[in-house]
Number of protein chains: 4
Amino acid sequence: MSRAVEAARETVARLHAELVRYQLVSWTAGNVSGRVEGENLFVIKPSGISYDELTPASIVVCDLDGELVDGDLSPSSDTAAHAYVYRAMPQVGGVVHTHSTYATAWAARNEPIPCVLTAMADEFGGEIPVGPFALIGNDDIGKGIVATLEGHRSPAVLMRNHGVFTIGPDPKAAVKAAVMCEDVARTVHVARAGGELVGIDPVAIDRLHERYRTAYGQR
Amino acid sequence: MSRAVEAARETVARLHAELVRYQLVSWTAGNVSGRVEGENLFVIKPSGISYDELTPASIVVCDLDGELVDGDLSPSSDTAAHAYVYRAMPQVGGVVHTHSTYATAWAARNEPIPCVLTAMADEFGGEIPVGPFALIGNDDIGKGIVATLEGHRSPAVLMRNHGVFTIGPDPKAAVKAAVMCEDVARTVHVARAGGELVGIDPVAIDRLHERYRTAYGQR
Amino acid sequence: MSRAVEAARETVARLHAELVRYQLVSWTAGNVSGRVEGENLFVIKPSGISYDELTPASIVVCDLDGELVDGDLSPSSDTAAHAYVYRAMPQVGGVVHTHSTYATAWAARNEPIPCVLTAMADEFGGEIPVGPFALIGNDDIGKGIVATLEGHRSPAVLMRNHGVFTIGPDPKAAVKAAVMCEDVARTVHVARAGGELVGIDPVAIDRLHERYRTAYGQR
Amino acid sequence: MSRAVEAARETVARLHAELVRYQLVSWTAGNVSGRVEGENLFVIKPSGISYDELTPASIVVCDLDGELVDGDLSPSSDTAAHAYVYRAMPQVGGVVHTHSTYATAWAARNEPIPCVLTAMADEFGGEIPVGPFALIGNDDIGKGIVATLEGHRSPAVLMRNHGVFTIGPDPKAAVKAAVMCEDVARTVHVARAGGELVGIDPVAIDRLHERYRTAYGQR
């Protein structure tokens, strides 16, 4: 395979450690994928393999229909959903899926997470939306993700009764969105468990999101 | 002892580290056992020994009546329950017992965990049932486990006011069920604490469970 | 100092790592002490020293009035309470104090933890009681601990608006009681947050406690 | 740069590890700063850099207007708030900012944390107050912090819908306040989730705070 494929394998193998570090995953449920630069391919976690055993060589390569192109193992059972997102959203370079506890709890109530934290305004630009219930096995999950995220600034969607999918321009950004999604899902859950939430003015949310996109981090 | 015994000791000693990693156990409470291939024996954690000190040599060997056959230490105080399961369920090759927080909380209310997550449909095929209150010291716990699990697809049972027992074709599968049981017990607890749960259609649960059994992981 | 003092220092220094491992302590709040075998002395954590820096040499030695006898550092600000317990309860060889989250939450409501788990019956023989509000600086905390625990099988007391004190025949047993106290405080909190608790028959509690005292662990 | 600058860089780089250890931060959100002894400067975390990558050399130096004086990276996006505090409060030698879960949950309800724990009386001398909602980008956050903390014994303020700022005579004391703030925010949240809180007499709070300030730790 090309150098771009090997670089993507290395990046995606390494990023799974962040899912473990932030306790977003149990056992083998949860996966990161990344588009291969300049090729109609993406790389993704193999199915049912533990995070301790993931190496760049174990990461599998798929085409944009989700068909295995290179690798010794079967791809993640969520591969079709990742593939659909890469086909439908050319600006997306990385996709992450987890069943992280607090985000999935909102999904089990089919309830979006209201934007009551400046950190949510920064990263998500508003509430984190819920997507439809969809069975695994065809394009339904992918369609639900894309239909929900296309009208939103949020890089995260809570799929009903299922878990979280996040997108980003690259796999690291999608992992960051997954980490922050669980963080704000937990904080807002705890906040509302203690009483009535105080909202943020939508104009302030817009200003925070715009500033974060343009002024945060290193140039 | 035979090579199969030593292999089982090694596997079971190592798998206890997963109970620690996923914070399913405090101090010395919680144990894994495994049937010895081709012999009427199983291996199990010794009683009251810390997880740091567990070595393959410290794992004890019992016959299917739970009597000590080999080992320098007394077997787990839960040995009779494990033995009963091995006698009654020949398809079971591994048993795990924990007092993991969220699963035990459902058990303290004598309440099954409703199946509102696709990950529950996958692993448990429906709700996680509760078994009866039973005192330690005879076959009552074992009988309660078997009577509850025989009518169920779930590999996990919440024993009332006590904790979790899980089964599997081998010890690793039983450990996975214990990890996933706590994971979904926590997510569904958090979900319901925040408002009304949204259910999953029983037909969808059946389809998810069937697909997971046959298509997940490596062949 | 004698060999018994040095042995106690080594044991008590090492046991603080269990408070950290089980997340019972933040920063420097929480301490373990141990009676010195055959002498009217006990050893205890120095005040305000981080757990990373604790060595056997940093552990200080006090007489049973809580006066410093050996050591380069000031003793824990809870020394008077530990000393009172050693004076009043000759069977006690170890004392632990923490502000662990869930146990302290019950203490902030002045509410005992009801015995709804077999693991509580085992370790505590019933509910975990609350002791009075008492200010630091004299014998009031010690008196409150002793007055509460003398009528109880529980080795743990929740001091109102303050935190947990546990006792044991040796420091390791007191640490175990502190670990199990937080474990059951958390499980029962979560259980009750989800609905109505199911009780355990007092006769069953007695039988569980008696069996655990006599049959658990290694002889 | 001077030796005092390099010492401050080393201290501040190292203290970020405490934010990680106590799980006060996700990804790159949260920062420590420290005044440089004898100079009109402070050092602070660079923006958007992960805690794993922080070295003394990566810590940037700013003047008291928050302008970069030395360093290869852009300063934290919260630099203006830190700078305002150093200008307005000459006794402050360290500032910490986090979005720690439980403290931020109280901030999302615009609700102070009531003082129902002796550990709160010790460290905070009463309730932990809330400050106003303020947008990033000018001195509004700094002004809100200073206006709130000037009338209080608390070294911590919960900024509405945002997170926590803590101050101290040095960076380590500010980090301690951030750690203890999250600890008591969590304990009081859990306590109140379980029922009615029991208060502490204000006279007792005063006595506890005074004793802690003068008698805790090493002299």
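Thresholds, definitions, all that
- Residues numbered from 1 in each chain as written.
- Chains lettered and ligands numbered in written order.
- Predicted model: local features only at pLDDT ≥ 70, side-chain atom pairs only at ≥ 80, totals over all residues.
- Heavy atoms only, no water.
- Pairing = 2+ DSSP bridges.
- Helix = DSSP H or I, 4+ residues; strand = E, 2+ residues; numbered from the N terminus.
- Contact = heavy atoms within 4.5 Å.
- Axes fitted to C-alpha atoms, helices over the stretch in contact; angles between N-to-C directions.
- Salt bridge = Lys/Arg side-chain N within 4 Å of Asp/Glu carboxyl O.
- Buried < 20%, exposed > 50% of the residue type's maximum accessible area, 1.4 Å probe, protein only.
- Parallel < 35°, antiparallel > 145°, perpendicular 65-115°, else oblique.
- Left-handed = near helix turned anticlockwise from the far one by under 90°.
- Nonpolar A, V, L, I, M, F, W, Y, C, P; charged D, E, K, R; others polar.
- Buried area = accessible area lost by both parts, 1.4 Å probe.
- Polar contact = N/O pair within 3.5 Å; in protein donor to acceptor, adjacent residues only side chain to side chain.
- UniProt positions renumbered as here; feature names shortened; annotations may be inferred.
- Least-squares fit on C-alpha atoms with pLDDT ≥ 70 in both.
- Phe/Tyr/Trp six-rings, centres within 6.5 Å; stacked < 30°, edge-to-face > 60°.
- Lys NZ or Arg CZ within 6 Å of the ring centre and 35° of its normal.
- Disulfide = S-S within 2.5 Å.
- 1 Å grid on protein atoms, 1.4 Å probe; cavity = no way out; pocket = protein on both sides within 12 Å on 5 of 7 lines; lining within 4 Å.
- Points joined across faces, edges and corners; volume = space filled by probe spheres on them.

Residues and elements named next belong to chain D. Across the sheet, which stays open at both edges, the 8 strands sit in the order β4-β3-β2-β1-β5-β8-β7-β6 with mixed pairing between neighbours. The strands lining the two open edges of the sheet, one partner per strand, are β4 (68-70) and β6 (130-131). Pairing of strand β3 (residues 60-63) with β4 involves 2 bridges; the strand directions are antiparallel. Bridge pairing in β4 links V61 to D70. Set on the sheet, helix α5 (residues 140-149) makes contact with β6, β7 (156-159) and β8 (163-168); between it and β7 the angle comes to about 130°. Helix α6 (residues 171-193) contacts β1 (31-35), β5 (94-98), β7 and β8 of the sheet and is inclined by roughly 140° relative to β8.

Our focus in this paragraph is the pattern of salt bridges. A complete count under the given rule lists 52 salt bridges over all chains for this structure. Put simply, B:E111 and B:R192 hold a salt bridge, and the shortest N to O gap is 2.6 Å. Taken as a pair, B:E111 in the loop between α3 (101-108) and α4 (118-124) and B:R192 in helix α6 (residues 171-193) lie far apart in primary sequence, 81 residues in all. Among the salt bridges present, the one from C:D52 reaches D:R21, with a minimum N-O distance of 2.6 Å. Of this pair, C:D52 sits in the loop between β2 (41-44) and β3 (60-63) while D:R21 sits in helix α1 (residues 3-21), placing the two residues on different chains. By relative accessible area, C:D52 is classed as exposed at 57%. You can call D:R21 partly exposed: its relative accessible area is 39%. Through salt bridges with shared partners, a single ionic network connects A:E6, A:R9 and A:D70.

With that out of the way, let us pick up the packing of helix α2 (residues 79-88) of chain D against α5(D). All names here are of chain D. Viewed as axis vectors pointing N to C, α2 and α5 meet at an angle of 45°, and their least axial separation amounts to 7 Å. Classified by the angle their axes make, α2 and α5 are oblique. As α2 packs across α5, the resulting crossing turns out to be right-handed. Contacts from A81, Y84, V85 and A88 of α2 reach α5 at I141, G142, K143, I145 and V146. A breakdown of the residues in the contact of α2 with α5 according to their chemical character gives 7 nonpolar, 1 polar and 1 charged.

At the level of C-alpha atoms, the two units chain A and chain C stay apart, their nearest approach being 11 Å. One finds no contact between chain B and chain D; the C-alpha atoms of the two approach each other to within 11 Å at their closest.

Looking now at the sheet that holds strand β6 (residues 130-131) of chain B. Residue and element names in this part refer to chain B. Strand order across the open sheet formed by 8 strands is β4-β3-β2-β1-β5-β8-β7-β6, with mixed pairing between neighbours. Because the sheet does not close on itself, it has two edges, and the strands there are β4 (68-70) and β6. This element, α3, spans β7 (156-159) and β8 (163-168) of the sheet and lies at about 55° to β7.

So, on to unusual backbone geometry. In this structure, C:N110 takes a positive phi of about 60° despite not being glycine. Although it is not a glycine, D:N161 sits at a positive phi angle of roughly 60°. Here D:N161 shows up in the loop between β7 and β8.

This brings us to the interface of chain C and chain D. Taken together, the 32 residues of chain C in the interface contact 33 residues of chain D. Counting each side, the surface lost to burial between chain C and chain D is near 2,700 Å², with a carbon and sulfur contribution of 58%. The tally of links from chain C across to chain D stands at 1 salt bridge. For the pair chain C and chain D, the number of links is 14 residue pairs in polar contact (both at pLDDT 80 or more). Residue assignment for the side of chain C that touches chain D shows that the elements contributing at least two residues are α3 (101-107) and α6 (171-193) of chain C. Among the elements that make up the side of chain C that touches chain D, the one with the highest residue count is α3(C) (4 residues). For the side of chain C that touches chain D, the residue count by class is 12 nonpolar, 15 polar and 5 charged.

Before going further, it helps to examine the UniProt feature "domain: Class II aldolase/adducin N-terminal" (unreviewed entry) in chain A. Under the local residue numbering, the UniProt record ascribes the feature "domain: Class II aldolase/adducin N-terminal" (unreviewed entry) to residues 10-189 of chain A. As a span, residues 10-189 of chain A carries 36% helix and 18% strand, and end to end its C-alpha atoms are 35 Å apart.

Time to look at the interface of chain D and chain A. Facing the 32 residues of chain D at the interface are 33 residues of chain A. Of the roughly 2,800 Å² buried between chain D and chain A, counting both surfaces, carbon and sulfur atoms make up 58%. Among the residues of chain D in contact with chain A, D:W27, D:R109 and D:N161 are the three that bury the most area, contributing 26% of the side total. Linking chain D with chain A are 1 salt bridge, by the criterion used here. The interface formed by chain D and chain A holds 14 residue pairs in polar contact (both at pLDDT 80 or more) in total. Breaking the side of chain D that touches chain A down by element, the ones donating at least two residues are α3 (101-108) and α6 of chain D. Among the elements that take part in the side of chain D that touches chain A, α3(D) stands out by supplying 5 residues, more than any other. The class makeup of the residues in the side of chain D that touches chain A is 12 nonpolar, 15 polar and 5 charged.

Bringing the relation of the copies chain D and chain A into the picture now. Of the transformation superimposing chain D on chain A, the axial component is 0.0 Å and the angular component is 90°, with the fit at an RMSD of 0.0 Å. Viewed as a symmetry operation, the transformation between the two copies matches a four-fold axis. It is D:A193 whose C-alpha, among those of chain D, lies nearest the rotation axis, at 5.4 Å. Both copies present different contact surfaces, since only 3% of the interface residues of chain D are interface residues in chain A too.

This brings us to the packing of aromatic side chains. Following the criterion strictly, the structure yields 12 aromatic pairs over all chains and no others. Across from the ring centre of B:Y51, 5.2 Å away, lies the NZ or CZ of B:K45, which sits over that ring. The ring of C:W106 carries the charged tip of C:R109 above its face, separated from the ring centre by 4.7 Å.

Residues and elements named next belong to chain B. Most of strand β5 (residues 94-98) sits inside the fold, with 5 of its 5 residues counted as buried. As paired elements, strand β1 (residues 31-35) and β5 share 4 bridges and run antiparallel to each other. Of the residues in β5, the one forming a bridge with S33 is V95. One ladder, built from 5 bridges, connects β5 with β8; its direction is antiparallel. Directly across from G94, in β8, lies its bridge partner G168.

Moving on, we get to the state of the cysteines. Disulfide: a covalent bond connecting the sulfur atoms of a pair of cysteines. All names here are of chain B. Summed over the entire model, instances satisfying the criterion amount to 0 disulfides over all chains. Cysteine C181 shares no disulfide, and the gap to the nearest cysteine sulfur, in C115, comes to 12 Å. Judged by relative accessible area, C181 falls into the buried class, the value being 0%.

So, about the layout of surface pockets. Here the second largest pocket is characterised by a volume of approximately 310 Å³. As for the second largest pocket, its lining consists of 20 residues, of which A:S76, A:S77, A:T79, A:A80 and B:R211 are closest to the centre. Considering each element in turn, the lining of the second largest pocket owes the most residues, 3 residues, to helix α2 (residues 79-88) of chain A. The residue inventory of the lining of the second largest pocket, partitioned by class, reads 7 nonpolar, 9 polar and 4 charged.

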